[in-house]
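Structure assessment
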Amino acid sequence: MNNVEVYECLKNNGFQCRGLNYEVLNENVVKITTSKPIGLLVTHSPISCIICTGSEFQVLVWGSQKHTLWLLKPGENYCIEFKNCYMDQCSENTIAISQQPSACRELTLTQCEEKLLNTLLHLNYKYLFITSNIEYDIPIEIPIIVKHGSERECIEKLNNITT
């Protein structure tokens, strides 16, 4: 992340960011619009996961807090907090979000999820986040997050990003 400005956000009872133009969509979702690539460092609970529509990310747990650093692209970006979750990397480009650790052992991508991942990679997204056994409410369409096994949701996402 050479020569990229980094902004800090705290996630307690909502997102609070310093020096950054953002819009809170609900308690767990924030929209960030930027004219250039930026780094976004979110400090949050160690039992939550922060997923953004950025290109790269790193997670560090230090003491009683988790720090997630995302590289956001120019334009509209969304960041979502998943509560009480584990994040497990199943492959280079597939990450499971679940209430149980080691969710990858039970996760086999459906044919639609494989196609969605390949389409996202061609659109310069690096990851597909697959949720398993976790509830969430996202008020907008996020192409990189799909509920495992939900063929209807997967097909809708494919249609939305290819039209």
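Summary of the structure given here. This one's a predicted model, so the numbers in the text were calculated from it and none came from an experiment.

**Describing the sheet that holds strand β5 (residues 38–44)**
The five strands lie next to each other as β2-β1-β5-β8-β7, forming an open sheet whose pairing is mixed. Each having just a single partner strand, β2 (15–17) and β7 (56–62) make up the two edges of the open sheet. Between one strand and the next, the sheet's axes are offset by a mean angle of 20 degrees, whatever the strand orientation. As judged from the three bridges shared by strand β1 (residues 6–11) and β2, these two strands associate in the antiparallel manner. Counterpart to K11 in the pairing with β2 is F15.

**Details of the pattern of salt bridges**
Taken as a whole and judged by the stated rule, the model has eight salt bridges. For the salt bridge of E76 with K31, the shortest nitrogen-to-oxygen distance reads 3.2 Å. In this pair, E76 sits in strand β9 (residues 75–83) while K31 sits in strand β4 (residues 29–34), placing the two residues 45 residues apart along the sequence. What makes K31 buried here is its relative accessible area of 19%. Among the ionic pairs, E141 bridges to K157, the shortest N-O distance being 3.0 Å. Linking E141 in the loop between β12 (128–132) and β13 (145–147) with K157 in helix α2 (residues 151–162), this pair joins segments that are 16 residues apart in sequence. Taking the relative accessible area as the measure of exposure, E141 reaches 40% and is therefore partly exposed. Residue class for K157 comes out buried when judged on its relative accessible area of 4%. When salt bridges that share partners are traced, they join E141, E153 and K157 into one network.

**Description of the packing of aromatic side chains**
Under the definition given, this model contains six aromatic pairs. When the centroid spacing of 5.2 Å and the interplanar angle of 75 degrees are considered together, the rings of F57 and Y127 count as edge-to-face. You can see F57 sitting in strand β7 and its partner Y127 sitting in the loop between α1 (111–122) and β12, a full 70 residues away along the chain. When its relative accessible area of 9% is taken as the criterion, Y127 is described as buried. Taken together, F57, W70, Y127 and F129 form an aromatic cluster joined through their ring pairs. Cation over ring: K73 sits above Y125, and NZ or CZ is 4.9 Å from the ring centre. The ring of Y136 is capped by K147, whose NZ or CZ atom sits 5.5 Å from the centre of that ring.

**Observations concerning the packing of α1 against α2**
Closest axis-to-axis distance for the α1/α2 pair is 9 Å, and the angle between their directions is 25 degrees. Relative to α2, the element α1 is oriented roughly parallel. Relative to α2, α1 is oriented so that their crossing is left-handed. Listed contacts from α2 to C112, E113, K115, L116, T119 and L120 of α1 are E151, C154, I155, K157, L158, I161 and T162. Class assignment of the residues belonging to the contact of α1 with α2 gives a composition of seven nonpolar, two polar and four charged.

Rules of the game
Residues numbered from 1 in each chain as written. Predicted model: local features only at pLDDT ≥ 70, side-chain atom pairs only at ≥ 80, totals over all residues. Heavy atoms only, no water. Pairing = 2+ DSSP bridges. Helix = DSSP H or I, 4+ residues; strand = E, 2+ residues; numbered from the N terminus. Axes fitted to C-alpha atoms, helices over the stretch in contact; angles between N-to-C directions. Salt bridge = Lys/Arg side-chain N within 4 Å of Asp/Glu carboxyl O. Buried < 20%, exposed > 50% of the residue type's maximum accessible area, 1.4 Å probe, protein only. Phe/Tyr/Trp six-rings, centres within 6.5 Å; stacked < 30°, edge-to-face > 60°. Lys NZ or Arg CZ within 6 Å of the ring centre and 35° of its normal. Parallel < 35°, antiparallel > 145°, perpendicular 65-115°, else oblique. Left-handed = near helix turned anticlockwise from the far one by under 90°. Contact = heavy atoms within 4.5 Å. Nonpolar A, V, L, I, M, F, W, Y, C, P; charged D, E, K, R; others polar.

Any link to function would need more than the numbers given here.
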